[in-house]
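# Observations on the three-dimensional arrangement
Listed here are the chains, written in short residue letters.
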Amino acid sequence: MIKSLWFKFLILLLSVSVISLSASLILRQMIINDFNEYLEGEKEDKIYRIMAVIEGSYERHSGWKAEALRENATWALLQGYEVRISDDRKKELMDTRKAVESLPPFMKRRITAMTDFRMDSPGEREGEFAGYPLFLAGKNIGSIEIRLLSSTRDRGKETIFFERSNRFLLLSLLVVGGLSLLMSLVFSKRLTDPIKKLTSAARDISEGNIKSRVSVSGVDEISTLARTFNTMAGNLEVYENLRRKLTANIAHELRTPLSAMQGEIEGMIDGLIKTDKEHLLSLHEETGRLKKIIEGIEELSRAEASVLELRKQTIGLRPFLGNIKERFEKLFIDKGVLLSLECNDKLTLYADPDRISQIVINLLGNALKAADKGGRVTIEAGSEDKEAFIRVKDTGMGIAKEDLPFVFERFYRAHQGGLGLGLTIARELAEAHGGKITVQSEYGRGSIFTVYIPYFTISS
């Protein structure tokens, strides 16, 4: 369980969620710290304003006036501060209590209600008084002691801000944390379910069930992997069918000459068949068929390994293809098929001449089998997009549409005759040169096989 991919994905997603929530907590604390610094600054600004107002009052009245001091103390109370004002000889001139007591009853009730100032509850104040000197034109004119009223502060906007931020944080932790947990469970399952299906399908194929497939939905990387897996499984199924067909073909090809040879030899042993030249030639013919089958398999193996054995050289394509045409032209004439060559005289190719010759001969052999009397086979050579091409076109029977995807597969035969190795060998040799071979065909109208080989030159 702990080592499962689902659990690892779950831990990863939960870790991301925890980190995100932790970042929210840190951000909230930073905001609170900044807000507290802002409040401290506001408190100092208020204190300095109170001091400035009192110093201005002293200047306007050319000294301390009781009425002005009462107004200043009352105004300071409305700002949330309790004050004591003394002259330069430390004599207390006014404090908040005296100022409030001197107010008319209506004003007194209103002020105390607004500020929550209690005349008989000095203990509700917060902290000690802080003293500040008062100056006018550089001369000390007295001092003021100030302290913040806790009741005013408690009902301040900062308290509302703190409470709301705490509620918001708690709600965020509950909602976002719950959603993160739920989404982690859902997405970790959605991420791992396709992988589990792929694992199950792979296990089925390893156990021999090559028809096993996985369902595909979406366009993400996992769905692409699933499609690739299905394609691979489909190819394995095709190759398995080809392998079975190969086994059947080889068994059939080997059984016929072996059965004939066995029958003749048994007849000779029993004295029913004479051991003469005619019957020995028959046995020789059957051994030749066996040898041809084995040579075909060996030739395919050599073609698959030819990339390690290429002996490349510069080839003039016109004389090279012309020589092949002359060697095989009589076979085409005997069947009544016209063989022609179309090639640029200056086109050269850097390749292994023996391997290229083998490709062209295989293609010509197939074209000769496909073409009927009065038909035509054409060899073309040219260049396209930094590649040379050699094309063999015939007007024969063509290839059925359902057979086209498999014509280059080992031992696949669209028609009777042969081992089905010629086109496979041609493909292997073309790919050994870094090229490719393609086919176009319409059943009943002929086929076109084109070999592309890179690194050609056109001589001047």
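Above this text is the structure in question.
Residues numbered from 1 in each chain as written. Predicted model: local features only at pLDDT ≥ 70, side-chain atom pairs only at ≥ 80, totals over all residues. Heavy atoms only, no water.

## Details of the sheet that holds strand S9 (residues 387-394)
Strand order in the open sheet formed by 5 strands is S6-S8-S9-S11-S10, with mixed pairing between adjacent strands. In this open sheet, the two strands that pair with only one neighbour each are strand S6 (338-343) and strand S10 (436-442). When the angles between neighbouring strand axes are averaged without regard to direction, this sheet yields 15°. Pairing between strand S8 (residues 376-384) and S9: 8 bridges, direction antiparallel. Looking at the pairing, Gly-382 lines up with Phe-389 of S9. Along the sheet, helix H9 (residues 317-335) contacts S6, S8 and S9; its crossing angle with S6, the most-contacted strand, is approximately 175°. Seen against the sheet, helix H11 (residues 422-432) touches S10 and strand S11 (446-454) and runs at an angle of roughly 140° to S10. (Pairing = 2+ DSSP bridges. Helix = DSSP H or I, 4+ residues; strand = E, 2+ residues; numbered from the N terminus. Axes fitted to C-alpha atoms, helices over the stretch in contact; angles between N-to-C directions. Contact = heavy atoms within 4.5 Å.)

## Quick word on the environment of Ala-99
Take Ala-99: it is sitting in helix H3 (residues 96-101). Sequence separation between Ala-99 and Ala-66 is 33 residues, and the spatial gap between their C-alpha atoms is 9.4 Å. When neighbours within four sequence positions are excluded, Ala-99 is seen to be in contact with Arg-70, Ala-73, Thr-74 and Met-94.

## Let's talk about helix H4 (residues 105-115)
A turn of α-helix holds 3.6 residues, and therefore any two residues three or four places apart point the same way. Those residues of H4 not exposed but buried are Ile-111, Thr-112 and Thr-115. Buried residues of H4, seen end-on, are gathered within an arc of 95° and therefore sit on one face of the element. Across H4 from its buried face, at more than 90 degrees, point the exposed residues Pro-105, Phe-106, Arg-109, Ala-113 and Met-114. Where H4 ends, the next residue or the one after it, Asp-116, has phi of about 60°, a positive value. (Buried < 20%, exposed > 50% of the residue type's maximum accessible area, 1.4 Å probe, protein only. Arc of directions from axis to C-beta.)

## Concerning the sheet that holds strand S2 (residues 92-95)
Read from one edge to the other, the open sheet built from 4 strands follows the order S2-S1-S4-S3, with strand pairing classed as antiparallel. This sheet does not close on itself; its edge strands, each paired only once, are S2 and strand S3 (130-136). Mean inter-strand twist for the sheet, computed between neighbouring axes without regard to direction, equals 25°. Of the pairings in the sheet, the one linking strand S1 (residues 81-87) to S2 comprises 3 bridges and is antiparallel in character. Within the sheet, the bridge partner assigned to Ser-86 lies in S2 and is Glu-92.

## Details of the packing of aromatic side chains
Tallied over the full model, the rule gives 1 aromatic pair. Here the guanidinium or amino end of Lys-436 rests over the ring plane of Tyr-452, the centre of that ring lying 5.4 Å away. (Phe/Tyr/Trp six-rings, centres within 6.5 Å; stacked < 30°, edge-to-face > 60°. Lys NZ or Arg CZ within 6 Å of the ring centre and 35° of its normal.)

## Regarding the packing of helix H10 (residues 353-370) against H11
Where H10 meets H11, the closest approach of the two axes is 9 Å, and the angle between their N-to-C directions is 150°. As judged from the angle between their axes, H10 and H11 are roughly antiparallel. As for how H10 packs across H11, the hand of that crossing is left-handed. On the side of H10, the interface is formed by Arg-355, Gln-358, Ile-359, Asn-362, Leu-363 and Asn-366, while H11 contributes Gly-422, Leu-423, Ile-425, Ala-426, Leu-429 and Ala-430. Tallied by class, residues from the contact of H10 with H11 come to 7 nonpolar, 4 polar and 1 charged. (Parallel < 35°, antiparallel > 145°, perpendicular 65-115°, else oblique. Left-handed = near helix turned anticlockwise from the far one by under 90°. Nonpolar A, V, L, I, M, F, W, Y, C, P; charged D, E, K, R; others polar.)

## Focus on the packing of helix H2 (residues 66-78) against H4
Packing of H2 against H4 brings their axes to within 9 Å, and their N-to-C directions diverge by 35°. The residues of H4 that touch H2, namely those facing Thr-74, Leu-77 and Leu-78, are Ile-111, Met-114 and Thr-115. Considered class by class, the residues forming the contact of H2 with H4 number 4 nonpolar, 2 polar and no charged.

## Structural notes on the nonpolar core
Ranked by internal contacts, the top residues of the largest apolar core, which has 40 residues, are Leu-317, Leu-321, Ile-356, Ile-359, Leu-363, Leu-364 and Val-377. Looking at this core, the elements that each hand over two or more residues are H9, S6, strand S7 (347-351), H10, S8, S9, H11 and S11. For this core, the leading source of residues is H10, giving 7 residues. Core analysis: the second largest hydrophobic core is formed by 18 residues, Ile-50, Met-51, Leu-134 and Ile-141 among them. (Core = buried A, V, L, I, M, F, W, Y, C linked by side-chain atoms within 4.5 Å.)

## Some points on the pattern of salt bridges
Considering all chains together, one arrives at 10 salt bridges under this definition. Here Lys-43 ties to Glu-40 by a salt bridge, and the two come within 3.5 Å at their closest N and O atoms. Pair noted here: Lys-43 and Glu-40 are both in helix H1 (residues 5-61), with a separation of 3 residues, about one helical turn. The class for Lys-43 is partly exposed, based on a relative accessible area of 24%. For Glu-82, the salt bridge is made with Arg-147, and the minimal N-O distance between the two is 3.2 Å. With Glu-82 in strand S1 and Arg-147 in strand S4 (residues 139-148), this pair connects stretches of sequence that are 65 residues apart. When sorted by exposure, Glu-82 lands in the same class as Arg-147, which is buried. One network of salt bridges, with partners in common, ties together Glu-380, Glu-384, Arg-391 and Lys-393. (Salt bridge = Lys/Arg side-chain N within 4 Å of Asp/Glu carboxyl O.)

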